[in-house]
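The residues making up each chain are set out below.
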Amino acid sequence: MLRYSDEIIEDIRQSNDIVNIISQYIHLTRKGRNYFGLCPFHNEKSPSFSVSPDRQIFHCFGCGVGGNVYTFLMKIEGITFRESLEALAEKANIQLPILENNIDNSREELKSKVYKVNQFTAEFYHQNLYSPSAKTAQEYVKSRKLTQGTLEAYKIGYSCQFDELYKALRKNGFEEKEIIESGLANKNEKGIYIDRYRNRLMFPICDARGKVIAFGGRVLDDSKPKYINSPENVVYSKGRHLFGLNVAKKDSAKRIIIVEGYMDVISLHQRGVTNVVGALGTALTEQQGWLLRKNTEQVILGFDSDGAGQTAVARSMEILQKMGCDMRVLQIDGAKDPDEYIIKFGEGRFKIAVDNAISLVEFKVKNLKKEMNLENASDKIKFLNEIAKILAKVENTMEREIYIEKLSKGYNISKEAIYAEVNKLIYTNTKRETTQNKKQEIRNAKKEDKDENAVDEDLKNRENTIIALLLDIDRNLFEKIKQKIKPEDFKYEINKKIAEKLYEELEKQDANINKLVDTFDEQIKNHITMVMATDYEIENTEKAVEDILLKYEREKLNNKKKEILKELEKERDGERKKQLSKELSDIIIALAKIK
């Protein structure tokens, strides 16, 4: 498989500070030597996700996941190691070498060729928009009042008849394999190649870096389907991208509006709202959520006002809330979508609507109110109970208080009544969560005891401390440790495997400890990052090493003492008994010296 040198991998890792990279996705707060935040890989209320700037690793003490900057990017964006390497190389402005004579590089070669097919096609369609045969498309563009600047910013184009694109691609040296993989042409039952898109207005879809990865095609009449989109392939997965993000990023927007369709994005951009992207689907995915979290401070959800659009809003808000995003919902009364609203009421009024976008709590309360008659006592009681459930999930006390004040005045319900219901739910939820956590801890403890044959907890902690010390100490202290403790002396199986690799690496003159994280499977990787992320409160490394070595020496002598006492009970030979007694005496003297 394709493989870059250890040197380039390490150079890129060192050039990308893990705290800076992870801060683009989650909010981190410094506590002591490390940074902490809410884990992006499981739901939690108290931050247990630790990032170490010293060791350049992360570890979640809640779900146990850990790794380095490559691991984080792979997990958060659902990409391969190579893709994370390329992304980090680009961030660090490091030119990756061209790999030659590598085995099994066909997939990477295919990806590279598909990117080129897409780039050629985007330009081909865009130029075709200005040809005499594209009169229908030109009229549509005029009716939407799209300027030349907008057409060029999004490389909007027009697809031809039958197989014009396929012929143009073949003429320019592209092979059938990459053309078919791109999804831009299909082979019919007669073996004839036909363009996927015919007589449609074309929207190239780019990734955040501006590479063309797919296309969307819109009909120019009433035929169905209204839109055709590229199938997923080696360069495109719709749940991992946002239409127009490459354009919106240019403005370094602190606020990004996310809408449903291509024309929503383009129409808003056309009218001066450039911080807008499209979802490429019916609702936001987690990968798209992380893209937004990474590129902006606030997300405004501007989905259609119909049932499907509002369902997508609810689902999307849950995803963004989990990520700690500042998110709002656009209220567009009098229009079915943002495109219609801005055309109908103008840019100024649209921007006011954006500024007045409501929070998740307000959105839920508003929808709840639609379903109930608050003049009816039973409905009002039900309404109070439901808003209490919503407010009980608001973790920020000040934020919760503001909502209670507002709801109390707006719906003529006493603050005391709302507080009573909310506090009751918070108490119940906390109690349930505590019980579930305790049960999980018991299950984890039982599993660990079973998996590791009930290794003594103190011994396990001591071994973890040794691993932590070995990751930090100089060669002289390593020499001292290895004389007394060998990898086979470790009782905890995971630590034994780590120690074997660690000793092997430390024996080298050019030891690279950080590289160790990538050499293990996920279970061991998670354990070693836990060891690296734990603060063992060691003030004096040399003294800590001395103390541990004394403990090991004492333990070995005590174990030997027990063995001799058992042997003495059974031994009948007088000479052998005398020899064992002498050994026992020496051990007792040695133990006394240690104490």
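What counts and how
Residues numbered from 1 in each chain as written. Predicted model: local features only at pLDDT ≥ 70, side-chain atom pairs only at ≥ 80, totals over all residues. Heavy atoms only, no water. Core = buried A, V, L, I, M, F, W, Y, C linked by side-chain atoms within 4.5 Å. Buried < 20%, exposed > 50% of the residue type's maximum accessible area, 1.4 Å probe, protein only. Contact = heavy atoms within 4.5 Å. Pairing = 2+ DSSP bridges. Helix = DSSP H or I, 4+ residues; strand = E, 2+ residues; numbered from the N terminus. Axes fitted to C-alpha atoms, helices over the stretch in contact; angles between N-to-C directions. Phe/Tyr/Trp six-rings, centres within 6.5 Å; stacked < 30°, edge-to-face > 60°. Salt bridge = Lys/Arg side-chain N within 4 Å of Asp/Glu carboxyl O. Parallel < 35°, antiparallel > 145°, perpendicular 65-115°, else oblique. Left-handed = near helix turned anticlockwise from the far one by under 90°.

1. Quick notes on the nonpolar core
Then step 1. Counting 57 residues, the largest nonpolar core has Ile 12, Ile 22, Phe 49, Val 51, Ile 258 and Leu 292 as its most contacted members.
Then step 2. Each residue touching Ile 258, except ones within four places of it in the same chain, is listed here: Leu 242, Val 277, Ala 279, Leu 284, Leu 292, Val 299, Ile 300, Leu 301, Gly 302 and Phe 303.
Then step 3. By size, the runner-up hydrophobic cluster in this structure holds 44 residues, among which are Ala 134, Ala 137, Ile 205 and Met 263.

2. Some remarks on the sheet that holds strand β10 (residues 212–219)
Then step 1. If you walk across this open sheet you meet the 4 strands as β6-β9-β10-β11, and the pairing is antiparallel. Looking at strand neighbours, the two that pair on one side only are β6 (157–158) and β11 (227–229), the edges of this open sheet.
Then step 2. In terms of strand pairing, strand β9 (residues 200–206) meets β10 through 7 bridges, oriented antiparallel. Within β10, the position partnered with Leu 201 by the bridge is Arg 218.
Then step 3. Packing of helix α5 (residues 106–128) onto the sheet brings it into contact with β6, β9 and β10, and relative to β10 it is tilted by some 35°.

3. Brief notes about the packing of aromatic side chains
Then step 1. Scanning all chains against the criterion turns up 22 aromatic pairs.
Then step 2. Relative to Phe 81, the ring of Tyr 70 has its centre 4.9 Å away and its plane inclined at 55°; by these criteria the two rings are tilted. Placement of Tyr 70 in helix α3 (residues 69–77) and of Phe 81 in helix α4 (residues 81–91) is noted, with a sequence separation of 11 residues between them.
Then step 3. With a relative accessible area of 27%, Phe 81 lands in the partly exposed category.
Then step 4. With 4.5 Å between their ring centres and 10° between their planes, Tyr 166 and Tyr 193 make a pair best called stacked. Taken together, the residues Tyr 166 in helix α8 (residues 164–171) and Tyr 193 in strand β8 (residues 193–195) connect sequence positions 27 residues apart.

4. Brief notes about the pattern of salt bridges
Then step 1. Overall, the coordinates contain 30 salt bridges when judged by the stated rule.
Then step 2. A salt bridge links Glu 318 to Lys 364; the shortest N-O distance between them is 3.1 Å. Of the two residues, Glu 318 sits in helix α13 (residues 307–322) while Lys 364 sits in helix α16 (residues 360–370), which places them 46 residues apart along the sequence.
Then step 3. Judged by relative accessible area, Glu 318 falls into the partly exposed class, the value being 38%.

5. A short note on the packing of α3 against α4
Then step 1. With their axes 9 Å apart at the nearest point, α3 and α4 run at an angle of 110° to one another. In this view, α3 runs roughly perpendicular relative to α4, as classed from their interaxial angle. Once α3 is placed against α4, the crossing between them reads as right-handed. Residue-level contacts link Val 69, Tyr 70, Leu 73 and Met 74 of α3 to Phe 81, Ser 84, Leu 85, Ala 87 and Leu 88 of α4.

6. Here we look at the sheet that holds strand β15 (residues 326–329)
Then step 1. The 4 strands lie next to each other as β13-β12-β14-β15, forming an open sheet whose pairing is parallel. Looking at which strands have only one partner, the edges of the open sheet turn out to be β13 (276–278) and β15. Averaged over all pairs of adjacent strands, the angle between their axes in this sheet comes to 25°, without regard to strand direction.
Then step 2. As defined by bridge partners, strand β14 (residues 298–301) adjoins β15 across 4 bridges and the pair is classed as parallel. The residue of β15 that forms the bridge with Leu 301 is Val 329.
Then step 3. This element, helix α11 (residues 262–270), spans β12 (255–259) and β13 of the sheet and lies at about 165° to β13.

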